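What follows is each chain in one-letter form.
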Amino acid sequence: MIECQRLHLKNNIALLIHSCRSIRELNQIHSHVIISPHLCRKDRSFLISRLLFYLCAVSDSSASLPYANKIFKRIPSPTLFIYDAMIRASAMKIKDTTSCESLLLYKQMLCSGLLPDCITLPFLLKECSKRFDGLTGRAIHAHAVKFGHKGDVYVQNALISLYSKCGVLGDARKVFDEMPNRDVVSWNSVIDGCLRNGELDLALEWFREMKEMKTIITWNSMITGLVQGGRAKEALDIFHEMQISANERNTVQPDKVTVASALSTCASLGAIDHGKWVHGFLERSGMECDMVIGTALVDMYGKCGYVGKAFEVFNGMPKKDVLAWTVMISVLALNGYGNEAFEHFADMEAAGVCPNAVTFTGLLSACSHSGLVEKSRWCFNVMKNVYNIEPQVQHYACMIDILGRAGLFSEAKELIRNMPVRPDVYVWGALLGACQMHGNVQLGEKVAKYLIDLEPQNHDFYIISCDLYDKSGRFDDRKKKRRSLMKEHDVRKSVPGSSMIELDGIVYEFSVKGSAEMPIAALQSVLMVLSNEMKTEWNTDSII
């Protein structure tokens, strides 16, 4: 009878731990485990291990890890289960990338005579991934081989993630190629690794190989990776492919991340018809239009030139954070509504939303697009003295651009001299652009030479330098300078410039090499007609 009561009490306490809702409740349960006269030593050890596991793996309270550490230090001989729980908690809950707590626990575990299992190693590899510590990760990989866990799918997935994040894609691919059994995490990890390391074609190739295995994470990673890799048109194609797949096979449906990525794609392309379709899909699906989606819609409409529609979406948002306000300011700036951007900033302050550094970048951009020199000075001053935001290099680049466009070269040079941070290529590039605009060859020549020394493979600086000579009538210098400098640094424009345009809901891309969708001859004939019409108008005007 007593044995039955003891077992019943142990099971009830285990259930209480499992259904616990707060650290305070857990404290009470812990106290009962310690003082209860009806529990034997073995039962206490079991319940303490369950309690520790709850703190390490289930609880999301910030107090859970310190509490777990206190319990762990009082356990005389921790088991492998307890070490695994503590290593997991240290790897997952500690956000400080300089921390190596889980690795220290692992060392302590090995010294106590315990060997790792297939649960220990993936969390140690996650710790190494978080710290971008490829060297320690290789040592853990060696332990996986040594202790017989080389073929475990969880260990292999963690290794792919580690090597991808550390930029060693070759090793990630080797692990992937040697896997006898791959799950969806394996595929997602290697695709994400390719996207992180700029191997977009390889990522697409493996994405195609996945066929029916694709999850929402796969689709979202592919769309986001292509957008960030500058291949927005392909990202949009993948989004439409996802839609067709969802409709025909009733598979994965787009979520908020997908929609936000698709809107970002439309914004990059200026594809307003596609953007409107995504907005319509959002409304038809009944998906909640939260702050993230609302902000993405504002950004998309703004970048496509539909400022009124952007305002409509913005005003319809029930809650607006600093990012939403900042995006609306940037939309106004981009479309030349400089004064309206500052009015919007005043509304933002009245709403009690504190601006950040990006907000002031948007305001300075508004000044640049609208030529608001005085307001830019006011903005720069308010940023430092009212909101205590120290101007970063991008803010200085904006100011140099504003002053340079206004022809205030002395003030621009003085600002560069007094910068607390080292001027980067964007700061000097803004000054060079101003020299090009105003034909300031003397200063432009010095700046161009410095930029070419800084980034000798950037062909833009050579072209601007030549344009400066053109404007001053020094055509011979232009030819000599461009040829000699570009030959000296072996500069070639390997990737041709391209343009995209949306017609009847279809995005066409074309470059000097032609277009897959649109014959270059057709484009050239249209350009020829336009050129002839312009010449005719000019001749008429000259006669009148």
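Values in this document were obtained by computation on a predicted structure and should not be read as measured data. (Residues numbered from 1 in each chain as written. Predicted model: local features only at pLDDT ≥ 70, side-chain atom pairs only at ≥ 80, totals over all residues. Heavy atoms only, no water.)

### Side note on the side chain of Asp84
Working step 1: Mapped onto the elements, Asp84 comes out in helix α5 (residues 80–93).
Working step 2: Although Asp84 is buried, it makes no salt bridge; Arg88 carries the closest opposite charge, 9.3 Å away.
Working step 3: When residues no more than four places from it in sequence are discounted, the contact partners of Asp84 are Asp117, Ile119 and Thr120. (Helix = DSSP H or I, 4+ residues; strand = E, 2+ residues; numbered from the N terminus. Buried < 20%, exposed > 50% of the residue type's maximum accessible area, 1.4 Å probe, protein only. Lys, Arg positive; Asp, Glu negative; His and termini not counted. Salt bridge = Lys/Arg side-chain N within 4 Å of Asp/Glu carboxyl O. Contact = heavy atoms within 4.5 Å.)

### Some thoughts on the environment of Thr251
Working step 1: Along the polypeptide, Thr251 turns up in the loop between α14 (232–249) and α15 (256–269).
Working step 2: Assessed through its relative accessible area of 33%, Thr251 is described here as partly exposed.
Working step 3: Separated by 36 residues in the primary sequence, Thr251 and Thr215 have C-alpha atoms spaced 8.7 Å apart.
Working step 4: Excluding its chain neighbours within four sequence positions, the residues that come into contact with Thr251 are Ser245 and Ala246.

### A closer look at the pattern of salt bridges
Working step 1: For the structure shown, the criterion picks out 15 salt bridges.
Working step 2: For Arg231, the salt bridge identified is with Glu234, shortest N-O distance 2.6 Å.
Working step 3: Judged by relative accessible area, Glu234 falls into the partly exposed class, the value being 29%.
Working step 4: In this structure, Lys256 engages Asp290 in a salt bridge whose closest nitrogen and oxygen atoms are separated by 3.3 Å. One end of the pair, Lys256, is in helix α15; the other, Asp290, is in the loop between α16 (272–285) and α17 (291–303), with 34 residues separating them in the sequence.

### As for α5
Working step 1: Look at α5: 20 Å from first C-alpha to last across 14 residues, which is about the 20 Å you get at 1.5 Å a residue.
Working step 2: Among all positions in α5, only Ile82, Tyr83, Asp84, Ala85, Met86, Ile87, Ala89, Ser90 and Ala91 are buried.
Working step 3: Residues of α5 that are buried make contact with α3 (41–58), α4 (64–73), α6 (101–111) and α7 (120–130). (Expected span 1.5 Å × (residues − 1).)

### A closer look at the packing of aromatic side chains
Working step 1: Inspection of every chain in the model, using the stated rule, returns 14 aromatic pairs.
Working step 2: Seen in terms of ring centroids, Phe345 and Trp378 are 6.5 Å apart; in terms of plane orientation they differ by 80 degrees. Their pairing is edge-to-face. In this pair, Phe345 sits in helix α20 (residues 338–350) while Trp378 sits in helix α22 (residues 373–385), placing the two residues 33 residues apart along the sequence.
Working step 3: Since its relative accessible area comes to 41%, Trp378 is described here as partly exposed. (Phe/Tyr/Trp six-rings, centres within 6.5 Å; stacked < 30°, edge-to-face > 60°.)

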